[in-house]
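Residue-level structure breakdown
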Amino acid sequence: MATPIIAGVDGSANARQALDWAADEARRHRRPLRLVHASRALLRDGTLTDLDYARLEEDRTALLEDKRQYALKQAPDVDVTTELAANEPDEALVDASARAGLLAVGARGAGGFAELLFGSVALHVAGHAHCPVLAVPAGAAPPADAPPEVLVGVDTAHRQDAALGWAFAEASLRGARLTALHAVSVEQGSPRLRDIADRDLAEALTGWSDRYPDVVVRPVVADSGAARALVLASGESALAVVGTRGRVGRVGHAVLHHARCPVVLVPATGG
C-alpha cells in the first residue's frame, strides 16, 4: 500500500487550507490521506474526570470525522482515514511522519493548534520530520488556482538530490514549469562571477532534465540573499521547495514564515 499523505488538523481556517492542499496532493499522487489531530489534553493523567475525558474524546473524534467528510468532498476518490493522538502536537506529527510520504500543516493561524504550528511546533516538525513537510500559509491560493509554476531553491555548495528530485517530480505531475533559483551576491559589473554562478547552477541541474524531459526548466541566478529571492519568487509559484539538512536553517526559517505560497521542506534523506 502506498505511504499516506498526513495532514495535521484542528478547527482553524488555516488548518482547513492545509487540508485542501493535502487532499489535492493525495489525489495527484494517488495516495491515501490520513488526518491527525493531537492534543496533550487527551492524556488520561487524572486532570479530568472519566466523563470529561469521554466527552473530550467524543468531541475531537467528531472534529476528525467532520474534516474527513470535508476532505472526501475535495477528493472523492481518495481513501481518507483519521487518527486521534493523546500527545503533544509536535511529537505526534513527527511520529506520524515516519510512515508518511508528505506531512501537511498550517503555517499560520488565529489561535490554538494552528498558532502553535506557526511558531515552535512548525519549526520542530519541519526540522525533525522523516518526510517532506508541506507548510501552507494563511492566504495561500487554493490548489485549483495555484500558478503552473514550481520553485526550487538550489544551494550549489551542497548536493540537493532529495529537494531537486521532489521538485522535478512535482512539476512533472502538475505539468508546471520549474524555476530553479540560485541566489548569490554578484558584484555589480562582475561578469566573471555571474558566469561562475550560471555554471554552478547548470552543474547542479545536470541529469535532471534527462529524467524528466517533460519539465521546462527556467534557471535563475538571483543577485540577492537566498531567503529574499525565494520569498519574492514565491508570489508567482504554486509551491516553493527548499532542502534541509537535519534542521530548518536561516533560509528555510525565513521562507517558511514569509512565503506567499505553500512551502515544501525536503530533508536530505527524504523525498
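None of the values given here were measured: they were computed from a predicted structure. (Residues numbered from 1 in each chain as written. Predicted model: local features only at pLDDT ≥ 70, side-chain atom pairs only at ≥ 80, totals over all residues. Heavy atoms only, no water.)

Moving on to the overall build of the protein. Counting its regular elements, the protein contains 10 helices and 10 strands. Taken over the C-alpha trace, the protein has a radius of gyration of 19 Å; the compact-globule value for 271 residues is 18 Å, and the two agree within 12%. By its C-alpha atoms, the protein is 70 × 35 × 30 Å across when sized along the principal axes. With 271 residues in all, the protein has 50% of them scored as buried. A separation threshold of at least 6 residues defines the contact pool for the protein, and within that pool the share at least 24 residues apart is 78%. Roughly 12,800 Å² of accessible area belongs to the protein as shown, and the carbon and sulfur atoms make up 49% of that amount. Separation between the mean location of the 28 positive side-chain charges and that of the 34 negative ones in the protein comes to 3 Å. (Helix = DSSP H or I, 4+ residues; strand = E, 2+ residues; numbered from the N terminus. Rg over C-alpha atoms; globule rule 2.2 N^0.38 Å. Buried < 20%, exposed > 50% of the residue type's maximum accessible area, 1.4 Å probe, protein only. Contact = heavy atoms within 4.5 Å. Areas by Shrake-Rupley, 256 points an atom, 1.4 Å probe, with all protein chains shown as cover. Lys, Arg positive; Asp, Glu negative; His and termini not counted. Charge placed at Lys NZ, Arg CZ, Asp CG, Glu CD.)

What follows concerns the domain arrangement of the protein. Segmentation of the protein into domains returns domain 1 (5-136) and domain 2 (149-267). Of note, the centres of domain 1 and domain 2, computed from C-alpha atoms alone, are 28 Å apart. Listed per partner, the contact involves 19 residues of domain 1 and 20 residues of domain 2. Both sides of the domain 1 and domain 2 interface together cover about 1,600 Å² of buried area, and 62% of this is carbon and sulfur. Interface area lost by domain 1 to domain 2 is led by Trp 21, Arg 28 and Leu 123, which between them contribute 29%. Applying the counting criterion to the domain 1 and domain 2 interface returns two salt bridges. Here Arg 174 makes a salt bridge to Asp 24, at a shortest N to O gap of 3.8 Å. (Domains from an automatic or database assignment. Buried area = accessible area lost by both parts, 1.4 Å probe. Salt bridge = Lys/Arg side-chain N within 4 Å of Asp/Glu carboxyl O.)

Another aspect to go through is the pairing of strand 1 (residues 5-8). Going residue by residue along strand 1, you find Ile 5 and Ala 7 tucked away on one face and Ile 6 and Gly 8 tucked away on the opposite face as well. Looking at chain direction, strand 1 and strand 2 (residues 33-38) are connected through four bridges and run parallel. Each residue of the ladder has a partner; that of Ile 5, found in strand 2, is Leu 33. This β-α-β element, strand 1 to helix 1 (residues 13-29) to strand 2, shows right-handed connectivity. (Pairing = 2+ DSSP bridges. Right-handed = clockwise from strand over helix to strand, strands pointing away.)

Our next topic: the sheet that holds strand 2. Taken in spatial order, the 10 strands line up as 3-2-1-4-5-10-9-6-7-8 in an open sheet, and their pairing is mixed. Across the chains shown, the open sheet's two edge strands, defined by having one partner strand only, are strand 3 (80-85) and strand 8 (217-222). Going from strand to strand, the sheet's axes swing by 20 degrees on average, the running direction of each strand aside. In this structure, strand 1 lies alongside strand 4 (residues 102-106), joined through three bridges in parallel fashion. Note on strand 4: the bridge partner recorded for Ile 6 is Leu 103. The strands touched by helix 2 (residues 50-74) are strand 2 and strand 3; relative to strand 3, the strand with the most contacts, the crossing angle is about 155 degrees. In the packing of helix 6 (residues 161-174) onto the sheet, the strands contacted are strand 4, strand 6 (149-153), strand 7 (177-183), strand 8, strand 9 (239-244) and strand 10 (263-267), and the crossing angle to strand 9 comes to about 160 degrees. (Axes fitted to C-alpha atoms, helices over the stretch in contact; angles between N-to-C directions.)

Before going further, it helps to examine the pattern of salt bridges. Evaluated as defined, the whole model comprises 17 salt bridges. In this structure, Glu 83 and Arg 99 form a salt bridge, with 2.9 Å as the shortest nitrogen-oxygen distance. Here the residue Glu 83 occupies a position in strand 3, and Arg 99 occupies one in the loop between helix 3 (89-97) and strand 4, the gap between them amounting to 16 residues. A relative accessible area of 39% places Arg 99 in the partly exposed class. Because the salt bridges share partners, they merge into one network encompassing Asp 24, Glu 25, Arg 27, Arg 28, Glu 170 and Arg 174.

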